[in-house]
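# Overview (structure and organization)
So you can see what is in the structure, the chains are spelled out below.
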Amino acid sequence: MHSMRSRRKGAATAVDGRDSGEKSEQLLLSSAICNGEDLGPFVRKAFASGRPETLLQLLRFFGRSKESEIEEVCKAHYQDFILAVDDLRSLLSDVDSLKSSLSDFNSRLQSVAGPLLSSLDSFVEAQNVSNNVDTALQSVTTCIKVIELCSRANHHLSNGSFYMALKCLDSIENEFFDKTPSSTLKRMLGRKIPEIRSHIERKIIKEFSNWLVEIRAVSRNLGQLAIGEASAARQREEDLRIKQRQSEEQSRFSSRDFVYALQEDDDENDGFKGNIRLLDFDLAPLFRAYHIHQTLALEDQFKQYYFENRKLQLASDFQVSSMTPFLESHQAFFAQIAGFFIVENRVLRTGGGLISKMEVENLWETAVTKMCSVLEDQFSRMQTANHLLLIKDYVSLFGVALRRFGYPVDSLLYVLSKHRDKYHELLLSDCRKKIAEALAADKFEQMLMRKEYEYSMNVLAFHIQTSDIVPAFPYVAPFSSTVPDCCRIVRSFIEDSVSFMSYCGQLDFYDVVKKYLDQLLSEVLDGALLKLINSSVHGVSQAMQVAANIAVLERACDFFFRHAALLSGIPLRTAERSRRQFPLNKARDAAGDILSGMLKIKVDGLMTLIENVNWITDEPSQAGNEYVNEIIIYLETLVSTAQQILPTQVLKRVLQDVLSHISMKIVEALLSDSVKRINANSIMGIDVDIQLLESFADNLASVFSEEGDKIQLKNALAESRQLINLLLSNHPENFMNPVIRERSYNALDYKKVVKISEKLRDPSDSLFGSFGNRGAKPKNPKKKSLDALIKRLKDYFIANLFASLPYKNENVSSLCLPAHNSTRLDSVFGALAEAKQQPNLTFSLEKSPIFPLSPSQQRSQLNQVITLRFPMAFQTGILLFLTLISLPASSLAVADDERLSAYQALQLYDFPVGILPIGVTGYELNRETGEFSAYLSGTCNFPIDSYQLSYKSTIQGVISQGRITNLKGVSVKVLFFWLNIVEVIHADDQMEFSVGLASANFPIDNFYESPQCGCGFDCNHLNASLSSI
């Protein structure tokens, strides 16, 4: 170790003389060698720098520095090295002996194995020949199989068995292609197999294209067949429903009937299943193409190809021809679409995933959207109800057919239901024309029926018979031919309406049918009858026939609603509960009115004979006056004819009107100015006339079976009968007894009684009789009672007039009377002045509201009165004058609107007077534009609660009903600011005041009184303060 250290020191001393770079490299190299590191970097660096000699010197220097260490190691292990050499020498001798042994063994082995090796060479050669033969045989066999498969593939191709040909190609490709020994054959197969597959693909695509063309034509037939089957099934349901309705109407059910119905259902189901089998169609080309493409590993491509082509076909099916009307092409249009989706349904169920359910649903949604659009467009253009009904029926059958295959059709049914209003409007329009034509052709003659089938078709079919007994033929009906014609039109309307509403997705549609039936009857038929009555009825016979027709139609209306209920499938009890009043009320009333009016005109002509009555006759008429005999003859003739065609109630109503009119004409004759005086004998003659009329009413027992009808006829003569009874009574004064008056004279008018009673004079009241009997004997009690009645009635009138005045202020000399229905003011004033014989008497006029009124009354209308101001002494005289000239208080005239005050003008526009202060001197108002200006004597300021209001001397704005806009001249102080009020609105019970950006509401009760400038509404406190000063 000491020597090594000394060497290192010597080496380090030798290196000290070199430059510092070599010294550092030496240290690094020594360190790397000592540590066993890789010297590659040093070598590369030395060669890179072009100085490998330096590295070599360093290595040599390092090696010399290690020699001493090696020497010391050798000295330390010298003895062990000697021993190892000796062992090696002994081992060499053993190796030599072994080598000789092996040489001997090898010579013996070669002598023995020589013949064996020659035999082995012969065997290997023979084995190679055998293997070559086997390989050749296998190659030949493979080639034969390949050729056989190729031959079979060619045979299948020639026969069109593309799937088998593809299987052969797959077998060649998968089993023999890699084993084919012939490179020529392999190249041929590699070239031909893709060509054959392409050929098969082209062929199968061509077949599929042909199928697409064929299935398009087949689809229409499929759709027509499916829709036809749905139509047949619906017809069977309708037939069964008709039988059930007939059974319900006859109310005769038996077990046999039910068995028959069940058997019919079974037969129908069998037929239905049989017809389903007719919907078979050929999908083999499609499935073959799909199978071939699956074999070609083109399944997804074919699915997409199929879907796109079918989608294009569906799009072409949506095209509506502009050359052919939709009414003619709609069946082909919907049949094509129906067939398309029937095919798709079959493909979905049996195609093995060729098309997915989602894809079919998407196609259906597209089709439904397009069909709805087409229907909306076509329905909007149609102007004929039958056209809409035809298309609706076919679309509903389309929906029924496709619903069997699981397609939802609610959207289509909704479109149909949405157009029900238009359909019924068109249907009503058609019926309006038909009814107008039927009524125009009416000859107002009773209908003659010669055969029983005519009776069944025109009477029994509409349940308008009055008896269940079939009459003898020929039969003259009480109605004209218009009635069954109109009934047929209405029945057709009901059936068409039910047909449209059926199968539209709404089960309970009776209310809809009933609504339109009501509209047909109450608007169309009733209006047509009214028009006929007002324009074409020119005689009593025609009016009577029209009234008879309407009475028959009233019975037919019950049938119409029952028929609608039966067709709608609801119980008759429900329909009867929901039935409203007779829908032909206006026509019935008009027919009765025009018949009554014509009869009254005829009666008026006969009543002119009443002018021949001697009202001061000496002897009473015992056989009745001439006029009443003529009237009774005419009425008897009328009744004998009318009872054959008019129903009892209609005839009773007409006779009541006529008798009431006769009674009124008798009273009018007594009231006539031409009749100055009447005596008891003439009254007794009138009594005989009324008795004859009452006898006529009693003789109608054969016509009116009920006793009440005769009583009502006699009550029609109540006014004249009670008047004659009163005039012939021994105690006419009993008329003023409320109990007696209500029981015996309730039909009499006070004024008429007074006027007629004043004309009644006894013979002793004549001029000569009065002188001759002067001082003889007092008045008879009857006359005395009559005079007392007249006096009491006049007193009653005056008292009643005072009680009926709307307003009377006893502290002022004025009379306030309502201003409506008035005569000219100047004539009223002249009449008043003439009545009091005071030419210099003046009357002041003022139009103002009636007080007191509630706020709602003041807002709802402007109640105005005429105020007559006159001296208090003339008040009683004026009231008596008004009584004597029989002028009601409401007959005075009003002043022109220009003379209204500003406050009254406000009320005309529904504003209270309180929005203006007291002291308006005048105003200007443009009634067309509403612009106004109101004038005060100066600026008006006053407080109201916490507000301070200011009105300028001129206030302007625009006024309309309940609203004032563009208001100028009115301001209000809020807190410390003055704000201009620009708008005022009256709404309900509130007044709204707007200052532009803000507004405030106040109850209208605060504005019924006008405030006063300076003090507002607190003037009493101000006056009290002034009085104390």
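Residues numbered from 1 in each chain as written. Predicted model: local features only at pLDDT ≥ 70, side-chain atom pairs only at ≥ 80, totals over all residues. Heavy atoms only, no water.

- Going by an unreviewed UniProt entry, the chain carries the name Exocyst complex component and comes from Hibiscus trionum.
- Annotation of the chain in UniProt includes, under Subcellular location (unreviewed entry), the sentence "Cytoplasm, Cytosol". (UniProt positions renumbered as here; feature names shortened; annotations may be inferred.)

### So, the overall build of the chain
- Check the secondary structure of the chain and you find 35 helices and 14 strands.
- Taking all 1029 residues of the chain together, 40% fall into the buried category.
- Expressed as a percentage of contacts within the chain between residues at least 6 apart in sequence, the contacts between residues at least 24 apart total 70%.
- Surface summary for the chain: the accessible area is close to 57700 Å², and the carbon and sulfur share equals 53%. (Helix = DSSP H or I, 4+ residues; strand = E, 2+ residues; numbered from the N terminus. Buried < 20%, exposed > 50% of the residue type's maximum accessible area, 1.4 Å probe, protein only. Contact = heavy atoms within 4.5 Å. Areas by Shrake-Rupley, 256 points an atom, 1.4 Å probe, with all protein chains shown as cover.)

### Comments concerning unusual backbone geometry
- Residue P474 is reached from F473 by a cis peptide bond, and omega for that bond is 0°.
- Tracing the chain through its elements places P474 in the loop between α16 (452-458) and β2 (475-476).
- Positive phi, normally seen in glycine, also occurs at A297, with a value near 65°.
- Its place among the elements puts A297 in the loop between α9 (284-295) and α10 (299-317).
- The exposed category is assigned to A297, whose relative accessible area is 62%.
- In this structure, F444 is a non-glycine residue whose phi angle is positive, near 55°.

### Examining the nonpolar core
- Counting 206 residues, the largest nonpolar core has F341, M371, F398, F560, L646 and I662 as the members making the most contacts within it.
- In terms of residue count, the dominant contributor to this core is helix α19 (residues 540-568) (17 residues).
- Other than its neighbours up to four places away in sequence, F398 contacts I227, F334, I337, A338, W364, M371 and L412.
- Counting residues in each nonpolar core, the second largest holds 28 residues, with L916, F942, I959 and I981 among its members. (Core = buried A, V, L, I, M, F, W, Y, C linked by side-chain atoms within 4.5 Å.)

### Examining the pattern of salt bridges
- Applying the stated criterion across every chain, the model contains 18 salt bridges.
- Residue D393 pairs with K392 through a salt bridge whose shortest N-O separation is 3.5 Å.
- For E983, the salt bridge is made with R963, and the minimal N-O distance between the two is 2.5 Å. Remark: R963 occurs in strand β10 (residues 963-974) and E983 occurs in strand β12 (residues 983-987); sequence separation between them is 20 residues. (Salt bridge = Lys/Arg side-chain N within 4 Å of Asp/Glu carboxyl O.)

### With respect to the packing of aromatic side chains
- Evaluated as defined, the whole model comprises 24 aromatic pairs.
- Clustering of aromatic rings is evident, with ring pairs tying together F326, F333, F334, F340, F341, W364, F398 and Y407.
- For the cation-ring pair, R741 lies above F735, with the distance from its terminal atom to the ring centre recorded as 5.9 Å. (Phe/Tyr/Trp six-rings, centres within 6.5 Å; stacked < 30°, edge-to-face > 60°. Lys NZ or Arg CZ within 6 Å of the ring centre and 35° of its normal.)

### Overview of the side chain of N681
- Here N681 lies in helix α24 (residues 680-698).
- A polar contact of 3.0 Å, which involves the side chain of N681, links it to the backbone oxygen of T617.
- Among all residues touching N681, those that are not within four sequence positions of it are T617, D618, E619 and P620. (Polar contact = N/O pair within 3.5 Å; in protein donor to acceptor, adjacent residues only side chain to side chain.)

### Describing a nonpolar patch on the surface
- Together, Y947, V974, L975, F976, F977, L979 and V995 make up a nonpolar patch on the protein surface, roughly 710 Å² of accessible area in all.
- By secondary structure assignment, the location of F977 is in strand β11 (residues 977-980).
- On the basis of relative accessibility, which here comes to 56%, the residue F977 falls in the exposed class. (Patch = residues over 30% accessible without salt bridge, like charges linked within 9 Å, V, L, I, M, F, W, Y side chains within 5 Å.)

### Here we look at the confidence of the model for the chain
- Scored by pLDDT, the chain has a mean of 76; 79% of the residues are at 70 or more.
- Mean pLDDT across the elements of the chain ranges from a minimum in helix α29 (residues 767-772), with 37, to a maximum in strand β7 (residues 931-936), with 92.
- Segment residues 802-868: pLDDT under 50, and 140 contacts once partners within four positions in sequence are set aside and those in other chains are kept.
- Every residue in residues 879-898 scores below 50 in pLDDT, and together they form 54 contacts with partners more than four places removed in sequence or on other chains. (pLDDT = per-residue confidence, 0-100.)

### Some details on helix α4 (residues 52-76)
- Across its 25 residues, α4 extends 36 Å between first and last C-alpha, which sits within 8% of the 36 Å expected from 1.5 Å per residue.
- At K66, α4 is bent by approximately 30°, the largest bend along its length. (Expected span 1.5 Å × (residues − 1). Bend = angle between axes of the 7 residues up to and from the residue.)

### With respect to the environment of L389
- Tracing the sequence through the fold places L389 in helix α13 (residues 385-403).
- Overall, L389 belongs to the buried group, its relative accessible area being 9%.
- Each C-alpha atom of the pair L389 and L416 lies 9.7 Å from the other, and the pair is 27 residues apart in sequence.
- Discounting chain neighbours no more than four positions away, the residues touching L389 are Y423, D496, S499 and F500.

### Side note on α10
- Spanning 19 residues, α10 covers 27 Å between terminal C-alpha atoms, matching the ideal 27 Å at 1.5 Å per step.
- Of all the residues in α10, the buried ones are F302, Y306, F307, N309, R310, Q313, L314 and D317.

### A few points about the pairing of strand β9 (residues 947-960)
- When β7 meets β9, the two strands line up antiparallel, connected through 5 bridges. Bridge pairing in β9 links E931 to V958.
- Two elements, strand β8 (residues 940-944) and β9, share 5 bridges in a ladder whose sense is antiparallel. By the bridge assignment for β9, F942 is matched with L949.
- Two successive antiparallel strands, β8 and β9, enclose a turn made up of 2 residues, where D945 displays a positive phi of approximately 55°.
- Across 8 bridges, β9 lies against β10 in antiparallel orientation. Directly across from L949, in β10, lies its bridge partner V972. (Pairing = 2+ DSSP bridges.)

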